[in-house]
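Chains, contacts and geometry: an overview
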Amino acid sequence: MGSQRHSSKKECFILSVDVGTTSIRCHVYDKEANVRGACTTEVVPLYPETGYVEMDPDAIWKGFITVVKGAVQDAGVQMRQIEAMGISTQRGTFTTWDRTTGVPFHNFISWQDQRAADLVKSWNSSCTMKVSLLLLFILTRQKRALAASLIVFSTQHVTFRLVWALTHYKQVRQAVAEDNCCFGTIDTWILFKLTKGRVHATDYSNASSTGIFDSYQMCWSGFLSFLVSLPLSIFPKVENTEPHALCVEYNWLPFKPHTSVAGLYPVVGWKIVSEVVYLAEGNAADTGTAIKWAQELELFSDVQETSDMAYSVSHSDGVCFVPSFSGLQAPHNDPKACASLMGLKPSTTKSHLVRAILESVAFRNKQLYETMLRETCIPITKIRVDGGVSANDFVMQLTADLFGRKISRPQHYETSCLGAAFLAGLGKGFWRTKEELKRLQVIDKTYLPQGAPKGGACSPNVEYIPALRSWERALRRSMNWYKP
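Because the structure is predicted, anything quoted here is derived from the model rather than measured.

Within the chain, the regular secondary structure consists of 16 helices and 19 strands. Expressed as a percentage of the 484 residues in the chain, the buried residues total 56%. For the chain, restricting intrachain contacts to residue pairs at least 6 apart in sequence, the fraction spanning at least 24 positions comes to 72%. Here the chain displays about 21,700 Å² of accessible surface, and carbon together with sulfur accounts for 55% of that area.

Let us now look at the packing of helix H1 (residues 57-75) against helix H7 (residues 186-194). Following both chains from N to C, one finds H1 and H7 inclined at 65°, their axes separated by 11 Å at the closest point. By the angle class used here, H1 and H7 are roughly perpendicular. Judged by the sense of rotation from one axis to the other, the crossing of H1 with H7 is right-handed. Note on element contacts: H7 touches H1 through Ile186, Trp189, Ile190, Lys193 and Leu194, opposite Pro57, Ile60, Trp61 and Phe64. In the contact of H1 with H7, the residues fall into eight nonpolar, no polar and one charged.

For the chain, per-residue confidence averages 87 on the pLDDT scale, and residues scoring 70 or more make up 86% of the total. Low pLDDT (under 50) marks residues 242-254, which in the prediction has 59 contacts with non-local residues, meaning those over four places away or in another chain.

Turning our eyes to something else, we now look at the nonpolar core. If you look at the biggest cluster of nonpolar residues, it comprises 44 residues, and the most contacted ones within it are Leu299, Phe300, Leu358, Leu402, Ile407 and Trp471. When contributions to this core are tallied by element, the ones reaching two or more residues are helix H10 (287-296), helix H11 (306-311), strand S16 (320-322), helix H12 (350-376), helix H13 (393-403) and helix H16 (465-478). Counting residues per element, this core draws most heavily on H12, which supplies 11 residues. Setting aside chain neighbours within four positions, we find Trp471 in contact with Cys320, Phe321, Val322, Pro323, Ser360, Phe363, Arg364 and Gln367. Val120, Tyr169, Phe235 and Val276 belong to the second largest nonpolar core, which has 35 residues in total.

All right, on to a positive patch on the surface then. Among the surface-exposed residues, Lys382, Arg384, Lys406 and Lys438 lie close enough to one another that they form a single positively charged patch. As for its placement among the helices and strands, Lys382 is situated in the loop between H12 and H13.

On to the sheet that holds strand S2 (residues 23-29), then. Here we have four strands laid out as an open sheet, ordered S3-S2-S1-S5, and mixed in their pairing. On the outer flanks of this sheet lie strand S3 (35-42) and strand S5 (82-89), each paired with one strand and no other. Mean inter-strand twist for the sheet, computed between neighbouring axes without regard to direction, equals 15°. Bridge count for S2 against S3 is seven bridges, and the pairing is antiparallel. Across the sheet, residue Ser23 finds its bridge partner in S3, namely Glu42. Lying on the sheet, H1 is in contact with strand S1 (13-19), S2, S3 and S5; it crosses S3 at an angle near 150°.

Okay, the environment of Gly63 next. Inspection of the secondary structure puts Gly63 in helix H1. For Gly63, a relative accessible area of 9% translates into the label buried. Once residues lying within four places of it in the same chain are set aside, the contact partners of Gly63 are Ile24 and Thr41.

Another aspect to go through is the packing of H12 against H13. Axis separation between H12 and H13 bottoms out at 9 Å; the angle between their running directions is 40°. When the axis of H12 is compared with that of H13, the two are oblique. Like other packed secondary-structure pairs, H12 and H13 cross with a definite hand, here right-handed. Along its contact with H12, which presents Arg355, Leu358, Glu359, Val361, Ala362, Phe363, Asn365, Lys366 and Tyr369, the element H13 presents Phe394, Val395, Leu398, Thr399, Leu402 and Phe403. The residue inventory of the contact of H12 with H13, partitioned by class, reads 10 nonpolar, two polar and three charged.

Moving on, we get to the packing of aromatic side chains. Two aromatic rings are characterised by how far apart their centres lie and by the angle between their planes. For the structure shown, the criterion picks out 21 aromatic pairs. Ring centres 5.9 Å apart and planes at 85° place the aromatic pair Tyr52 and Trp164 in the edge-to-face group. Of the two residues, Tyr52 is situated in the loop between S3 and strand S4 (54-55) and Trp164 in helix H5 (residues 158-168); the sequence distance between them amounts to 112 residues. Each member of the pair, Tyr52 as well as Trp164, is classed as buried. The lysine or arginine in question, Lys31, covers the ring of Phe430, its NZ or CZ lying 4.5 Å from the ring centre. Residue placement shows Arg115 over the ring face of Trp164; its charged tip is 4.7 Å from the ring centre.

Calculation rules
- Residues numbered from 1 in each chain as written.
- Predicted model: local features only at pLDDT ≥ 70, side-chain atom pairs only at ≥ 80, totals over all residues.
- Heavy atoms only, no water.
- Helix = DSSP H or I, 4+ residues; strand = E, 2+ residues; numbered from the N terminus.
- Buried < 20%, exposed > 50% of the residue type's maximum accessible area, 1.4 Å probe, protein only.
- Contact = heavy atoms within 4.5 Å.
- Areas by Shrake-Rupley, 256 points an atom, 1.4 Å probe, with all protein chains shown as cover.
- Axes fitted to C-alpha atoms, helices over the stretch in contact; angles between N-to-C directions.
- Parallel < 35°, antiparallel > 145°, perpendicular 65-115°, else oblique.
- Left-handed = near helix turned anticlockwise from the far one by under 90°.
- Nonpolar A, V, L, I, M, F, W, Y, C, P; charged D, E, K, R; others polar.
- pLDDT = per-residue confidence, 0-100.
- Core = buried A, V, L, I, M, F, W, Y, C linked by side-chain atoms within 4.5 Å.
- Patch = residues over 30% accessible without salt bridge, like charges linked within 9 Å, V, L, I, M, F, W, Y side chains within 5 Å.
- Salt bridge = Lys/Arg side-chain N within 4 Å of Asp/Glu carboxyl O.
- Lys, Arg positive; Asp, Glu negative; His and termini not counted.
- Charge placed at Lys NZ, Arg CZ, Asp CG, Glu CD.
- Pairing = 2+ DSSP bridges.
- Phe/Tyr/Trp six-rings, centres within 6.5 Å; stacked < 30°, edge-to-face > 60°.
- Lys NZ or Arg CZ within 6 Å of the ring centre and 35° of its normal.

Dropping the structure here:
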């Protein structure tokens, strides 16, 4: 928390909260999108069994309240000066609760959780759903049915973790039978708490990432719910992306959802009135987890040290790190993959280990970037980065070198908070137009690819190809590690 700032009592602000996987942060923004106050608290994950990742709903709620109060105090403003609040959350993390009392039936089951891995694998390899959807396409000639038949489910989708919860938690099944069960991701839970149970809702972006939402019809999919035996009565109402919003990665497709066979998932970026922006999303689940893990092992004391540590050695000494604590996502889609360190030697130092960990982040970025190019066939004209890792110069420069492309980092790189604030501000009239918001976004630093690229200006730096090939070999050895 920074030093307290003071403002005119007539001045108004936007509050924005980002409930991430490793932290909850709150920012207070003024009209120029400057951060006037901030507060952060840690998210403590729970690991009750191997492959299980959970979060305490009450701890999330208390953390939310703590950062809101802290940021407002840090800004030196009064709560009545806050015009609106935006909420950005980690998606795919959910719980169920008693509709009457608001008491959760179980902990939040994290998007990183692997308990439904076997169920996901079974459905992806089963002909039941794919044939059903193909038959629906033949009968209706609706492209959304054909697209749905191509989707590769992952453990990050809520679908089969929710099926697991309904199967294993008796109190959830009983509440469903009594029409007294609410399902929700973190945004829905917070909204329910803020309104004392009056509002059970989510936004289109959160809904579309669950795997149970029809992004063509823009509603919960009755057909998919029927196939996997999920009751529609428990789902929240879906609203425009005004009071809360999500930060998403990689590419937007403003006209129609994109269906991928490599694990990129078609999601709604946002819906503002009638405007719908679609995204093809791919992610690497364990970037933050890997860096936090390394810090807990005392490889470094401050995350800001890591870039200099990586640059202090010319290579990783042959060490390869595979960041798959929660399996591997697109394009590998292997929930049974393990995290691993390979190539350790007596000569390996902490700096080599840190460099290997940071290299793995850039290598996964390259895999997702190439998958995006291959799957969407849409020319990418600009590449922007955000989030905590974007502050790491080593990772960003290596990513630019591997892409063979210019990469820009905004001045406010905690874009999840800023994006939610922008959407909340637009909905309230604090900011009038999207053009006004564009003028508020300032580029802090640009990373240009270094070295002599092979095959043109957009080709990767050949210097890193041997290290990348070694890492890919380590990745293959880490796959399918956890057998059923």
